[in-house]
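Understanding the architecture of this molecule
Here is what each chain is made of, one letter per residue.
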Amino acid sequence: MSDHAVLHVKGRVLVGPDDVRDELWVVGGRVTYDRPVTPATETVTVEGWALPGLVDAHCHVGLDAHGPVDAATAEKQALTDRETGALLIRDAGSPSDTRWIDDREDLPKIIRAGRHIARTRRYIRNYAHEIEPDDLVAYVAREARRGDGWVKLVGDWIDREAGDLTACWPRDAVEAAIAEAHRLGARVTAHCFAEDSLRDLVEAGIDCVEHATGLTEDTIPLFAERGVAIVPTLVNIATFPDLAAGGEKKFPRWSAHMRRLHERRYDTVRAAYDAGIPVFAGTDAGGSLAHGLVAAEVAELTRAGIPPVAALSATTWAARTWLGRPGLTEGAPADLVVYGTDPRKDVGTLATPRRVILNGRVVA
């Protein structure tokens, strides 16, 4: 397909869950619903069910289980996500500088949250700035300036003295830090597995919580009232039993806690959805988890009881609106995925894209 070709997508174009059109064209890398009047050097036609490029709202490009990776490895990670249709990534914390990806029209678009900010010796080695509460505001300001409108805190982690998950930050520290991020125009999210940190973070003004396995009937109404989103990363929560088994001997309380969080994971997510909490799809790829799992995460959301169209929206229409990025609107960059069957009826079809189109070019 040449740079001057026109791409014609026909079949069913899912501009929104209820806004379905018969066709669109891609001219100059952008979406239009007006038939081109200028003859093209060639016209390429793709048929099927078209969706906006999928969103992985919790992903880590440039990171593996041991810390930052080289550019070649980061490129492979981004390409793996692209092949599965994830064309917009919210990178929820990475120590790597991946700005070079912005210059590559063949790689997914990334919204960065800077580097994780954690308490000293309270997170995975080589991942985060590890600091104490007195420095939290300064580090949040630093990452707010480095990121793309997001900052990532580690809200809880295992406390070796307690032998279980505990909150990482005192209330006054997170209040000041979140206020500073908001002053600088950034939103704040936090890694939270357990129950203890949630109320303080939400009442301090946090915008999102990752994993959110510790939600309870006491905190779900608070999240709903404040409009705080969650990204459950259920494909990651599936690893909790193995993690618990590995820590059983040294930290039995922590292991038992992780198993409880895992056992109620689907009920937690469904209760959050039923209460009106915004739920978005994210995989947590890039630590110990493989890339390219966005279709599996959407399927997990439906297993939790979220209706298929709502689960689909969590990785397409609603997710793009939440992140401030366009979907298949007139003049938007032509980032879309085409499937052989209607994904609204079976989200399993997300696992087998027919065509992936990025910046108006067929890339897979």
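Each remark here, short or long, concerns the structure printed above.
Description of the structure in this document. (Residues numbered from 1 in each chain as written. Predicted model: local features only at pLDDT ≥ 70, side-chain atom pairs only at ≥ 80, totals over all residues. Heavy atoms only, no water.)

Another point: the pairing of strand 18 (residues 336-339). Burial along strand 18 is two-sided: the face carrying Leu336 and Val338 and the face carrying Val337 and Tyr339 are both buried. Here three bridges tie strand 18 to strand 19 (residues 355-358), and the two strands are oriented antiparallel to one another. Opposite valine 338, over in strand 19, you have arginine 355 as the bridge partner. (Buried < 20%, exposed > 50% of the residue type's maximum accessible area, 1.4 Å probe, protein only. Helix = DSSP H or I, 4+ residues; strand = E, 2+ residues; numbered from the N terminus. Pairing = 2+ DSSP bridges.)

Before going further, it helps to spend a moment on the packing of helix 2 (residues 136-146) against helix 3 (residues 171-183). Contact geometry of helix 2 with helix 3 gives a least axis separation of 9 Å together with a crossing angle of 25°. Comparing their axes, helix 3 and helix 2 come out roughly parallel. Judged by the sense of rotation from one axis to the other, the crossing of helix 2 with helix 3 is right-handed. From helix 2, Leu136, Val137, Val140, Ala141 and Arg145 reach across to helix 3, where they touch Ala173, Val174, Ala176, Ala177, Glu180, Ala181 and Arg183. (Axes fitted to C-alpha atoms, helices over the stretch in contact; angles between N-to-C directions. Parallel < 35°, antiparallel > 145°, perpendicular 65-115°, else oblique. Left-handed = near helix turned anticlockwise from the far one by under 90°. Contact = heavy atoms within 4.5 Å.)

So, about the nonpolar core. Ranked by internal contacts, the top residues of the largest apolar core, which has 77 residues, are Leu136, Leu153, Ile206, Phe223 and Leu301. Sort the elements by how many residues they give to this core and helix 3 lands first, with five residues. Val13, Tyr33, Ala334 and Val338 belong to the second-largest nonpolar core, a separate cluster that totals 15 residues. (Core = buried A, V, L, I, M, F, W, Y, C linked by side-chain atoms within 4.5 Å.)

Quick look at the pattern of salt bridges now. Scanning all chains against the criterion turns up 26 salt bridges. Between arginine 99 and aspartate 148 there is a salt bridge, and its shortest N-O distance comes to 2.8 Å. Residue arginine 99 is found in the loop between strand 8 (86-91) and strand 9 (109-112), and its partner aspartate 148 is found in the loop between helix 2 and strand 12 (150-154); the two are separated by 49 residues along the sequence. The class of arginine 99 is partly exposed, set by a relative accessible area of 31%. (Salt bridge = Lys/Arg side-chain N within 4 Å of Asp/Glu carboxyl O.)

A few words now on the sheet that holds strand 19. A sheet is described by the order of its strands in space; here seven strands give the open sequence 3-2-1-4-18-19-20, paired in mixed fashion. The outermost strands of the open sheet, each flanked by one partner alone, are strand 3 (30-32) and strand 20 (361-362). Where strand 2 (residues 20-27) meets strand 3, three bridges bridge the pair, whose relative direction is antiparallel. Paired with tryptophan 25 across the two strands is threonine 32, which belongs to strand 3.

Taking 1.5 Å of rise per residue, the twelve residues of helix 8 (residues 252-263) would be expected to cover 16 Å, and the 17 Å separating its terminal C-alpha atoms lies within 8% of that figure. All of the buried residues along helix 8 are Trp254, Ser255, His257, Met258, Leu261 and His262. For helix 8, the buried positions fall inside an angular range of 165° around the axis, keeping them on one side. Opposite the buried face of helix 8, by more than 90 degrees, sit the exposed residues Arg253 and Glu263. As for helix 8, its buried residues are in contact with strand 13 (156-159), strand 14 (164-167), helix 6 (234-237), helix 7 (240-247) and helix 9 (265-274). (Expected span 1.5 Å × (residues − 1). Arc of directions from axis to C-beta.)

Moving on, we get to the packing of aromatic side chains. One pass over the structure, following the stated rule, counts six aromatic pairs. The interplanar angle of 75° and the centroid separation of 4.8 Å between the aromatic rings of tyrosine 123 and tryptophan 157 together place this pair among those described as edge-to-face. Here tyrosine 123 is found in the loop between strand 10 (117-119) and strand 11 (129-131), whereas its partner tryptophan 157 is found in strand 13, with 34 residues between them in sequence. Residue classification places tyrosine 123 among the buried residues on the basis of a relative accessible area of 13%. In textbook terms, an aromatic cluster arises when at least three aromatic residues are bridged by ring pairs, as seen for Tyr123, Tyr127, Trp157, Phe193 and Phe240. Lying over the aromatic face of tyrosine 33, arginine 21 brings its terminal NZ or CZ to 4.3 Å of the ring centre. (Phe/Tyr/Trp six-rings, centres within 6.5 Å; stacked < 30°, edge-to-face > 60°. Lys NZ or Arg CZ within 6 Å of the ring centre and 35° of its normal.)

Taken together, the side chains of Arg121, Arg125, Arg160 and Lys250 define a basic patch exposed on the protein surface. Position of arginine 125 among the secondary structure elements: in the loop between strand 10 and strand 11. (Patch = residues over 30% accessible without salt bridge, like charges linked within 9 Å, V, L, I, M, F, W, Y side chains within 5 Å. Areas by Shrake-Rupley, 256 points an atom, 1.4 Å probe, with all protein chains shown as cover. Lys, Arg positive; Asp, Glu negative; His and termini not counted. Charge placed at Lys NZ, Arg CZ, Asp CG, Glu CD.)

Our focus in this paragraph is the side chain of lysine 152. Secondary-structure assignment places lysine 152 in strand 12. Of the side chains with opposite charge, glutamate 210 comes closest to the buried, unpaired lysine 152, at an N-O distance of 5.8 Å. With sequence-adjacent residues up to four places away left out, lysine 152 is seen in contact with His58, His60, Ala92, Ala113, Arg115, His116, Ile117, Thr189, Ala190, His191 and Glu210.

Moving on, we get to helix 3. Compared with the 18 Å implied by 1.5 Å per residue over 13 residues, the 18 Å span of helix 3 between its first and last C-alpha is a close match. Among all positions of helix 3, only Ala173, Val174, Ala177, Ile178, Glu180 and Ala181 are buried. Axial view of helix 3: buried residues confined to an arc of 160°, hence all on one face. Those residues of helix 3 that are exposed and aimed more than 90 degrees away from the buried face are Asp172 and Arg183. Against helix 2, strand 15 (187-192) and helix 4 (198-203) lie the buried residues of helix 3. Backbone geometry just after helix 3 places glycine 185 at a positive phi near 85°.

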